[in-house]
Amino acid sequence: MPRPAVPELAPEDLARRLDDGEPVQVLDIRAAERLAAGRVTLGERLAFKNVTGSTLYALPDLGGLGLDPGAPVAVICGHGNSSQRATLFLRERGITAFSVTGGMAAWEKIVVPRRLAPPPGMSDLVQMDRVGKGALGYVLASDGEAVILDPGRHLEPYAAVLRDLGATPRAVVDTHAHADYLSGAGAAARRWGIPYFLHEADTRSPFDDTPGRLPVRAVGDGDVIAFGRTTLRVEHTPGHTLGSITLVAAGGVAFTGDFVFVQSIGRPDLGGRAAEWGPILWRSFERARREWPGDRLVLPAHYAAENERGADRTVGARMEAIQRENPAFRIADADEFARWIARTPPPPESYRTIKLANIGLLDVSDADAEILEAGANQCAAG
Ligand SMILES: [Fe+2]
């Protein structure tokens, strides 16, 4: 007997519905320890439930699940296989269920592009929100030329936005050597034949100083990256990594990477040298909170929670709001800062491997990449 067709929901559609605040319920049927590594968290109205498949099939009735009968249920598993059986099981019991195509593996790849008001000199500013990781890349356009910032390894969403904007990429930049995801900057440089800019200090292994094997164009403090009729000015803001940079555009927009987030700052321990990098971060941080203008719009490379979004669902805030609301900005001195940093839970073990892969010292297969990157970022301190 042929299996009945299973109604599916593409992860992009699930993201759009959750982002729009539609009443979609997510039923994750993976074991609890899998959830701990990462789960769907998007949307302020997210109704999230967890029950393993085996528990589900043994239930005498579905009342105990607490599902809202009036709203569809998106069933998610690891790769979109076991969610199919669970979806049919729910459908046979009258619930409007859908299996999320590709499961969490697919969810962690998708990117939601969101347009922001472009600053003077730019025609477009798009925040590329990788919702499964809380990672933010950017596409900036001016006079038909584009710069790509902090892309992940899945470049198709970037290619689609570039096509939409009718823009030709001129450069790709990593604000720092990432630890929580595999950079797509090298692949973007090859694909579009463009330079890959990275600070010189981030081209070496932080663990033993081995030179990386990356065809990068090194940038430093005060350098300028030009595209269209505008520029990005490089400000060296080390501490999260030795080569962390902030890119400052005209009109007071700053792409801060993992230096300043909306609700935290980037942790200084991911290179295994917290004792050395912590005080460096403190100095960068002290300078930024003293010197950065209040109307500077901070657009970071990460977020950790839905409360870091504005009303338009983008992640970012003016310095004056960050000075007021970001707990890091209430820290009085270097000692208090060191104690706060020390409270940061240890990072995932995979971050060391990712860092080495990101400077070209390790090759990672797609299957390994999926495992290494699983779950939301843990790049924030505190
Ligand atoms: Fe980072």
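The structure we're discussing is the one just above.
What you see is a predicted model, and the numbers here were worked out from it, not measured in a lab. (Residues numbered from 1 in each chain as written. Predicted model: local features only at pLDDT ≥ 70, side-chain atom pairs only at ≥ 80, totals over all residues. Heavy atoms only, no water.)

A. Spotlight on the overall build of the protein chain. Each helix and strand in the protein chain was counted, giving 12 helices and 18 strands. Based on the C-alpha atoms only, the size of the protein chain along its principal axes is roughly 65 × 50 × 40 Å. Here the protein chain, with 382 residues, has 55% of them falling under the buried criterion. In the protein chain, 62% of the contacts between residues at least 6 apart in sequence involve partners at least 24 apart. Carbon together with sulfur atoms contributes 50% to the accessible area of the protein chain, which is approximately 16000 Å² in total. Both charge centroids of the protein chain, one from 42 positive and one from 49 negative side chains, sit 1 Å from each other. (Helix = DSSP H or I, 4+ residues; strand = E, 2+ residues; numbered from the N terminus. Buried < 20%, exposed > 50% of the residue type's maximum accessible area, 1.4 Å probe, protein only. Contact = heavy atoms within 4.5 Å. Areas by Shrake-Rupley, 256 points an atom, 1.4 Å probe, with all protein chains shown as cover. Lys, Arg positive; Asp, Glu negative; His and termini not counted. Charge placed at Lys NZ, Arg CZ, Asp CG, Glu CD.)

B. Broad picture of the nonpolar core. Counting 62 residues, the largest nonpolar core has W107, L232 and F255 as the members making the most contacts within it. In terms of residue count, helix α8 (residues 274-291) provides more of this core than any other element does, four residues in total. In terms of nonpolar packing, the next biggest core, distinct from the first, is built from 20 residues, V139, A146, L165 and L198 among them. (Core = buried A, V, L, I, M, F, W, Y, C linked by side-chain atoms within 4.5 Å.)

C. Spatial organisation of the sheet that holds strand β10 (residues 168-173). The strand order β6-β7-β8-β9-β10-β11-β12 describes an open sheet built from seven strands, whose pairing is mixed. Strand pairing shows two members of the sheet lacking a second neighbour, β6 (112-116) and β12 (217-219), which therefore form its edges. Recorded for the sheet is a direction-independent mean angle of 25° between the axes of neighbouring strands. Here strand β7 (residues 124-130) pairs with strand β8 (residues 135-142) via seven bridges, running antiparallel. Opposite V126, over in β8, you have V139 as the bridge partner. (Pairing = 2+ DSSP bridges. Axes fitted to C-alpha atoms, helices over the stretch in contact; angles between N-to-C directions.)

D. How the structure looks around the coordination of the iron ion. Looking at the iron ion, the protein donor atoms are H176 (NE2), H240 (NE2) and D258 (OD), and they sit 2.0 to 2.4 Å from it. In primary-sequence terms, the residues that donate to the iron ion follow H-x63-H-x17-D. Highlighted residues: H240 in the loop between β14 (230-236) and β15 (245-249) and D258 in the loop between β16 (253-257) and α8, separated in sequence by 18 residues. (Donors = N, O, S within 2.8 Å, 3.2 Å for Na, K, Ca; no water.)

E. Spotlight on the layout of surface pockets. Its boundaries defined by the atoms lining it, the largest pocket holds a volume of some 450 Å³. It is helix α7 (residues 185-192) that contributes the most residues to the lining of the largest pocket, three residues altogether. Of the residues belonging to the lining of the largest pocket, the class tally is nine nonpolar, five polar and five charged. R30, R34, H79, E370 and A374 are the residues nearest the centre of the second largest pocket, which is lined by 16 residues in total. At the level of elements, α5 (103-107) and α12 (366-373) are the ones that each hand at least two residues to the lining of the second largest pocket. Element by element, the count of residues in the lining of the second largest pocket is highest for α12, at three residues. (1 Å grid on protein atoms, 1.4 Å probe; cavity = no way out; pocket = protein on both sides within 12 Å on 5 of 7 lines; lining within 4 Å. Points joined across faces, edges and corners; volume = space filled by probe spheres on them. Nonpolar A, V, L, I, M, F, W, Y, C, P; charged D, E, K, R; others polar.)

F. Spatial organisation of the environment of R17. Mapped onto the fold, R17 is located in helix α1 (residues 11-19). Overall, R17 belongs to the partly exposed group, its relative accessible area being 21%. For the pair R17 and V262, spaced 245 residues apart in sequence, the C-alpha to C-alpha distance is 24 Å. Sequence-distant contacts of R17, that is, excluding residues within four places in its chain, are made with L9, E22, V24 and P72.

G. Fine view of empty space enclosed by the protein. This structure, assessed with the given rule, holds one cavity of 30 Å³ or more. Of the voids in this model, the largest cavity is the one considered here, and its volume is about 70 Å³. Lining the largest cavity are K109, V111, M128, R130, A135, L136, G137, D150, G152, H154, Y158 and Y181. Among the elements that take part in the lining of the largest cavity, β8 stands out by supplying three residues, more than any other. Its residues placed into classes, the lining of the largest cavity shows six nonpolar, three polar and three charged.

H. The arrangement of the packing of aromatic side chains in detail. Overall, the coordinates contain eight aromatic pairs when judged by the stated rule. Ring centres of F259 and W292 lie 5.6 Å apart, and the angle between their planes is 80°; this geometry places the pair in the edge-to-face category. One end of the pair, F259, is in the loop between β16 and α8; the other, W292, is in the loop between α8 and β17 (297-300), and 33 residues separate them in sequence. The class for W292 is buried, based on a relative accessible area of 7%. Aromatic pair F285 and F329: ring centres 4.8 Å apart, planes at 70°, arrangement edge-to-face. Remark: F329 occurs in the loop between α9 (319-325) and α10 (334-342) and F285 occurs in helix α8; sequence separation between them is 44 residues. Taking relative accessible area as the criterion, F285 reaches 0% and is therefore assigned buried. Taken together, the ring pairs connect W282, F285, F329, F337 and W340 into an aromatic cluster. Here R39 stacks its cationic end above the ring of F48, 3.9 Å away from the centre of that ring. Over the ring of F98 we find R91; its NZ or CZ atom is 4.9 Å from the centre of that ring. (Phe/Tyr/Trp six-rings, centres within 6.5 Å; stacked < 30°, edge-to-face > 60°. Lys NZ or Arg CZ within 6 Å of the ring centre and 35° of its normal.)

I. Seen up close, the pairing of β10. Here strand β9 (residues 145-149) pairs with β10 via five bridges, running parallel. In the strand pairing of β10, I148 is matched with V172. Looking at chain direction, β10 and strand β11 (residues 196-199) are connected through two bridges and run parallel. Its bridge partner being in β11, V172 is matched across the sheet by Y196.

J. Representation of the pattern of salt bridges in the model. Scanning the model with the defined rule gives 25 salt bridges in all. Between E373 and R130 there is a salt bridge, with the nearest N and O atoms lying 2.8 Å from each other. Of this pair, E373 sits in helix α12 while R130 sits in strand β7; the two residues are 243 residues apart in sequence, bridging distant segments of the chain. Both residues of the pair, E373 and R130, belong to the buried class. A salt bridge links E286 to R290; the shortest N-O distance between them is 3.9 Å. Of this pair, E286 and R290 both sit in helix α8, four residues apart, which is roughly one turn of the helix. Of the residues examined, E286 reaches a relative accessible area of 26% and is grouped as partly exposed. (Salt bridge = Lys/Arg side-chain N within 4 Å of Asp/Glu carboxyl O.)

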